[in-house]
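Structure assessment
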Amino acid sequence: MIRKTKTVFTTSYRHMLMGGLSLSLPLLTGGCSLFHKSSPAVPQSVQNSDDVYQAAGSSPDWHLTLSGNTLTFNRQGAPTQIKTLTEDESDAAHRTYLTKKMKVDVTPQTCTNSTTGQTYSETVTVKTPQGTYHGCGGDPARAAIINGTSWVVTALNGTPVTAGNDRPSLTDATTDMAPDVQQTPTLNINATGDVSGSDGCNRYSGGMTVRPEGRIIHQQSGMNTLMACSGAIMQRADIFNGLLRAATSWQASGSTLTLKTDDDRTIQLRQIL
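This one's a predicted model, so the numbers in the text were calculated from it and none came from an experiment.

Quick notes on the rules
- Residues numbered from 1 in each chain as written.
- Predicted model: local features only at pLDDT ≥ 70, side-chain atom pairs only at ≥ 80, totals over all residues.
- Heavy atoms only, no water.
- Disulfide = S-S within 2.5 Å.
- Helix = DSSP H or I, 4+ residues; strand = E, 2+ residues; numbered from the N terminus.
- Core = buried A, V, L, I, M, F, W, Y, C linked by side-chain atoms within 4.5 Å.
- Buried < 20%, exposed > 50% of the residue type's maximum accessible area, 1.4 Å probe, protein only.
- Contact = heavy atoms within 4.5 Å.

**Structural notes on the state of the cysteines**
All chains considered together, the criterion is met by one disulfide. Two residues, Cys 201 and Cys 229, share a disulfide whose sulfurs are 1.8 Å apart. Judged by the sign of its S-S torsion, about 95°, the cystine formed by Cys 201 and Cys 229 is right-handed. Of this pair, Cys 201 sits in the loop between β16 (194-198) and β17 (203-210) while Cys 229 is found in the loop between β19 (223-224) and α2 (231-246), placing the two residues 28 residues apart along the sequence.

**Brief notes about the nonpolar core**
Membership of the largest hydrophobic core comes to 21 residues, with the highest contact counts inside it found for Leu 187, Leu 257, Leu 259 and Ile 267. Going through the elements one at a time, β13 (149-156), β15 (186-189), β17, α2, β20 (247-253), β21 (256-261) and β22 (266-271) are the ones with two or more residues in this core. Other than its neighbours up to four places away in sequence, Leu 259 contacts Leu 187, Met 208, Ile 216, Leu 244, Ala 247, Ser 249, Trp 250, Arg 265, Thr 266, Ile 267 and Leu 269. Formed by 15 residues, the second largest nonpolar core is a distinct cluster that contains Ala 55, Trp 62, Tyr 97 and Tyr 133.

Following this line, the structure appears as structure tokens:
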């Protein structure tokens, strides 16, 4: 049986006004934007506190706050709606908040901001007579630590790279010089997030930095060697370089790293150091 509870959110509004909240409306450009920190339901006795829970999404940009029993919903190009919660329900699978003509569903399912690549612990849906709006919520997931690591490519846009799936050897630390990954593209990430490696034919360095929140930043300062290679090796190097230059975000899970472009092309890599 679902237990009905009155719910208040516990992110300090005063703290957010002082700069504690990184969310701002001009940043809401991804397909899935962010909530600030959420917490379990608290008793009605604290409903008059300054605590506020915020949500946001895009396409179109929207922003929602819940404070006590008051829900405020802003949608780009539309008047602000201020509603009173009439009911809330919660169980292990989701939380639901109802007002007259509005419903907010919060599900503990990870959601990734398409602009920053940051992952959050909850998926949020807001249903109104004007439409249904989707966003991300909950606590930001801890960013994977990939600085100071080395990787070898295992697939280019879904096409396997055979040598990249070989067992790592003791010489894998030198990546492109290792016998079992020779002529296979590699990626080294230094302590500050700058990249270097081999495209399977030539070495490259600079021109790209991975950011902790999942973004990839490109600069004009990169360098490449200019050695000629056989047709098949050069063709694969060209594919790798094209994907690498277009990559805008990354995600890491265990020993697997995925670089992704805005049009969903990918480079998959296996950690070797």
